[in-house]
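Structural description and commentary
If you want the building blocks of each chain, they are given just below.
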Amino acid sequence: PSSSSINEKEAVTEVTMKMNKKSFILGGYTLSPRACALSCMSSHFSGKWHRLYASDHDGLSFQSLQHSLLGYAGPTLLLIRSTSSTNNDGNSIIGAYTSTPIRNSGDTYFGDDDCFLFRLCPDIRMYRPSNNSNRKFVFFRGIPTGKVRSDLSLHGWGFGGVARSPRLFVRGTFDDCTAAVRDTTYDHGPLLSTEDVTNSTVRFDIESLEVWGVGADNIIEKALHLYGGYRQTADAALEKARTVDKAQFMADFKSGLFESNFFAHRQQMQMGRGECLLDGCVNDDEDWSSDEGDS
């Protein structure tokens, strides 16, 4: 068969899984049948689980997700509780395992043959890389460092397929995400329950999303140690960028450059010259004198 199907009852075996925090998707701190089913998919899930991000705790924010992931130097487990954006067929729980650290790769794929996709609800299925693997395992199209504002619909986390049409894609807005039945990297089969009927790409919204660092104790400890160093360096660079931007603004303000441009712009608009020193400004023939009276 193209996919691995696991009976949830059969999957409840003795495991040594240890969660450091609550899973809102799998059901608390205890070992639920679904958590045990995951441990049967890969030995990496039978050890320590360290929660890196949970939308129910950290907020449904792509910026927060990216901040939590980048710099963590270990394997990660993605869990998604979805709601269909096309019909009301209930929730699905799907996810992916990435065996290599997440990095801001743009449309460039990374990962290896240990990566796989899965679903836990309505039933349990697993999709490993196929024999004719195209090796397009995962990409992370993050927000560039130092960029404060960005169109989140252009960013996201993709698995399989091609960059323009991944097998599974978590959009930066966390809505209008997509899941498909087939691609050339992973085994074929439905991720969402609606795919069983449509046999095509299905759009869905995200109700809850979690990312966990998983693996043996030494793997988690090393990854967290490197993560701490990365975060310290990244936060210092961000603070430096903010300081430089603020210093430049204050220098322009004190030198009179900011005021000169602003008041010259207003004078030109009042005189009806139709020219503007500020980029993106359009003269709509408003009566600017009334604005002066209010200031």
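**Some remarks on the packing of aromatic side chains**
Both the distance between ring centres and the angle between the ring planes are used here to describe each pair of aromatic rings. By the definition in use, this model includes 13 aromatic pairs. Ring centres 6.2 Å apart and planes at 70 degrees place the aromatic pair Phe45 and Trp49 in the edge-to-face group. Each member of the pair Phe45 and Trp49 is classed as buried. Joined through ring pairs, the aromatic side chains of Phe45, Trp49, Tyr97, Phe116, Phe118 and Trp212 make up one cluster. Taking NZ or CZ as reference, Arg167 lies 5.3 Å from the ring centre of Tyr127, over its face.

**As for the side chain of Glu210**
Counting through the fold element by element, Glu210 comes out in strand β12 (residues 202-215). Comment: no salt bridge for buried Glu210; closest opposite-charge side chain is Arg51, at 6.0 Å. Reaching out from Glu210, the side chain makes a polar contact with the backbone nitrogen of Ile25 at a distance of 3.1 Å.

**A look at the environment of Asp175**
Its place among the elements puts Asp175 in the loop between β10 (168-171) and β11 (177-179). For the pair Asp175 and Phe204, spaced 29 residues apart in the sequence, the C-alpha separation amounts to 6.6 Å. Beyond its immediate sequence surroundings of up to four residues, Asp175 is in contact with Phe204 and Asp205. A distance of 2.5 Å separates the side chain of Asp175 from the side chain of Thr173, its partner in a polar contact.

**Structural notes on the state of the cysteines**
Within this structure, the stated rule accounts for 0 disulfides. As a non-bridged cysteine, Cys36 has Cys40 as the owner of its nearest cysteine sulfur, 7.3 Å distant. A relative accessible area of 4% means that Cys36 is categorised as buried.

**What about the pattern of salt bridges?**
Counted by the stated rule, this structure contains 8 salt bridges. Of the charged contacts, one joins Lys18 and Asp217 as a salt bridge, the two residues approaching to 3.8 Å between their closest N and O atoms. Note that Lys18 is positioned in strand β2 (residues 18-19) and Asp217 in helix α5 (residues 217-255), a separation of 199 residues in sequence. With a relative accessible area of 34%, Asp217 lands in the partly exposed category. Here Glu207 makes a salt bridge to Arg81, at a shortest N to O gap of 2.9 Å. Of the two residues, Glu207 sits in strand β12 while Arg81 sits in strand β4 (residues 76-84), which places them 126 residues apart along the sequence. Exposure remark for Glu207: the relative accessible area of 38% places this residue in the partly exposed category. When salt bridges with common partners are traced through the structure, they connect Arg119, Asp123 and Arg125 into a single cluster.

**Focus: the pairing of strand β6 (residues 116-121)**
Across the 6 residues of β6, 6 count as buried, placing the element largely inside the fold. Here 5 bridges tie strand β5 (residues 91-98) to β6, and the two strands are oriented antiparallel to one another. Looking at β6, one finds that Gly95 is bridged to Phe118. As paired elements, β6 and strand β7 (residues 124-127) share 3 bridges and run antiparallel to each other. Its bridge partner lying in β7, Leu117 is registered against Tyr127. Hairpin connection of β6 to β7: 2 residues between the antiparallel strands.

**Quick notes on the confidence of the model for the chain**
Here the chain shows a mean pLDDT of 78. Residues at 70 or above account for 67%. Residue range residues 1-14 is modelled with pLDDT below 50. Its contacts to residues more than four positions away, or to other chains, number 24 contacts. Contacts from residues 272-295, a stretch scored under 50 in pLDDT, to residues over four places away or in other chains number 22 contacts.

**Description of the pairing of β12**
Of all 14 residues making up β12, 11 are buried, and the element is well covered by its neighbours. As paired elements, β11 and β12 share 3 bridges and run antiparallel to each other. Bridge pairing in β12 places Ala179 opposite Val202.

Reading the values: rules and limits
Residues numbered from 1 in each chain as written. Predicted model: local features only at pLDDT ≥ 70, side-chain atom pairs only at ≥ 80, totals over all residues. Heavy atoms only, no water. Phe/Tyr/Trp six-rings, centres within 6.5 Å; stacked < 30°, edge-to-face > 60°. Buried < 20%, exposed > 50% of the residue type's maximum accessible area, 1.4 Å probe, protein only. Lys NZ or Arg CZ within 6 Å of the ring centre and 35° of its normal. Helix = DSSP H or I, 4+ residues; strand = E, 2+ residues; numbered from the N terminus. Lys, Arg positive; Asp, Glu negative; His and termini not counted. Salt bridge = Lys/Arg side-chain N within 4 Å of Asp/Glu carboxyl O. Polar contact = N/O pair within 3.5 Å; in protein donor to acceptor, adjacent residues only side chain to side chain. Contact = heavy atoms within 4.5 Å. Disulfide = S-S within 2.5 Å. Pairing = 2+ DSSP bridges. pLDDT = per-residue confidence, 0-100.

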